[in-house]
Amino acid sequence: MRLSTKSRYGLRALFDIAYNAGSQPAQIQDISRRQDISPRYLEQIFQGLKKHGILKSKRGPQGGYCLAKSPEEITVRAVIEATEGDTLIVDCAGRRKGECGFDGSCVTQTVWEESNSRLNEFFESITLKTLCERGEALGIKREQDHRFMYFI
């Protein structure tokens, strides 16, 4: 199974929002700079994440993107499903079962179903909160939002 850049970049961007912005809106150019992802590509990824209720946006000078749920409610699996469509390793497992001519008589079908189930359990067990905790453990520095800094 190979994940596309949509899911990999989407997860990195969501981590960035949770880690650096918290409950404040994060601007796309800041996420883009920190994560080295094209702003135009981030906009495309964010549209899918908004449709799936993971992100919300706010317009205006103090606007940007923020999480639609708390970091402990957003799982890696939800992000992958929002960006990839599903997490099936092969088409004959899971929801697409029955589309294969060997359905019910294929010894490998159970291998794919079990591996898919274990992978989904793993992806479901990791949340954005988990990633933020790992970021802290790695010593990743948080960047404060410069829009709200005032100097006298």
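Since this is a predicted model, take the numbers as computed values, not measurements. As a convention, each chain's residues are numbered from 1 in the sequence order in which they are written. In keeping with the model being predicted, local features are shown solely for residues with a pLDDT of at least 70 and side-chain atom pairs are shown and tallied solely at 80 or more, while totals for entire chains, interfaces and linings include all residues. By convention in this description, side-chain values take in all heavy atoms of the structure and omit both hydrogens and water.

Asker: Whenever I open this one, the environment of Glu-114 confuses me. Can you help?
Answerer: Secondary structure elements are taken from DSSP: a helix is a run of H or I of four residues or more, a strand is a run of E of two residues or more, and numbering for both begins at the N terminus. Checked against the element boundaries, Glu-114 lands in helix α5 (residues 109-125). Put simply, Glu-114 and Glu-84 are 30 residues apart on the chain and 20 Å apart in space, counted from C-alpha to C-alpha. Side-chain atoms alone can form a polar contact between residues adjacent in sequence; in general such a contact is a pair of N or O atoms within 3.5 Å, and within protein one must be able to donate a hydrogen while the other accepts it. Reaching out from Glu-114, the side chain makes a polar contact with the side chain of Arg-118 at a distance of 2.7 Å.

Asker: What is the right way to look at the packing of helix α1 (residues 5-21) against helix α6 (residues 128-138) in this model?
Answerer: To describe two helices that pack against each other, one gives the angle between their axes and the distance between the axes. Only the contacting stretch of a helix is used when fitting its axis, a line to C-alpha atoms as for every element, and angles between N-to-C directions run 0 to 180 degrees. Packing of α1 against α6 leaves a shortest axis separation of 9 Å and a crossing angle of 75 degrees. Put simply, α1 runs roughly perpendicular to α6. In contact with Leu-11, Leu-14, Phe-15, Ala-18 and Tyr-19 of α1, α6 contributes Leu-128, Leu-131, Cys-132, Gly-135 and Glu-136. Three categories are distinguished: nonpolar for Ala, Val, Leu, Ile, Met, Phe, Trp, Tyr, Cys and Pro, charged for Asp, Glu, Lys and Arg, and polar for the others, with Gly belonging to the last. Classifying every residue of the contact of α1 with α6 by side-chain character gives 8 nonpolar, 1 polar and 1 charged. Any angle that falls under 35 degrees is termed roughly parallel, while one over 145 is termed roughly antiparallel, one within 65 to 115 roughly perpendicular, and all others oblique. Note on definitions: a residue-residue contact is assigned when non-hydrogen atoms from the two residues lie within 4.5 Å.

Asker: Looking at this structure, I do not really get α5. What am I missing?
Answerer: Three or four residues apart is the spacing at which side chains of an α-helix point the same way, because the helix has 3.6 residues per turn. Take the number of residues in a helix, subtract one, and multiply by 1.5 Å to get its expected span. Its 17 residues place the ends of α5 24 Å apart at the C-alpha level, agreeing with the 24 Å of an ideal helix rising 1.5 Å per residue. On the buried face of α5, the contacting elements are α4 (76-84).

Asker: Mind showing me how you'd approach the packing of helix α2 (residues 28-35) against helix α3 (residues 39-51) here?
Answerer: It is at 9 Å that the axes of α2 and α3 come closest, and there the two elements cross at 115 degrees. With respect to α3, the axis of α2 lies roughly perpendicular. Relative to α3, the crossing made by α2 is right-handed. Within the contact between the two elements, α2 uses Ile-28, Ile-31 and Ser-32 and α3 uses Pro-39, Leu-42, Glu-43 and Phe-46. For the contact of α2 with α3, the per-class residue count stands at 5 nonpolar, 1 polar and 1 charged. The handedness criterion is simple: a crossing whose near helix is rotated anticlockwise from the far helix by less than a right angle is left-handed, and one whose near helix is rotated clockwise is right-handed.

Asker: Just checking my understanding: could you explain the state of the cysteines for this structure?
Answerer: Here a disulfide denotes a covalent bond joining the sulfur atom of one cysteine to the sulfur atom of another. Any two cysteine sulfur atoms within 2.5 Å of one another count as a disulfide. This model, assessed by the stated rule, comprises 0 disulfides. No disulfide involves Cys-66; its sulfur sits 14 Å from that of Cys-132, the nearest cysteine. Summary of the burial criterion: residues with accessible area below 20% of their type's maximum are buried, those above 50% are exposed, and those between are partly exposed, where the area comes from a 1.4 Å probe applied to protein chains only. Among the residues examined, Cys-66 registers a relative accessible area of 11% and is labelled buried. Residue classification places Cys-132 among the buried positions, given a relative accessible area of 11%.

Asker: What am I meant to see in the pairing of strand β1 (residues 55-58) here?
Answerer: Strand residues, when the strand is regular, have side chains that alternate between the two faces of the sheet. Being paired, for any two strands, means DSSP has found at least two bridges between them. Inspection of the sheet shows β1 paired to strand β2 (residues 64-67) by 4 bridges, in the antiparallel sense. By the bridge assignment for β2, Lys-58 is matched with Gly-64. The antiparallel pairing of β1 with β2 creates a hairpin that spans 5 residues between the two strands, and Gly-60 there sits at a positive phi of about 105 degrees.

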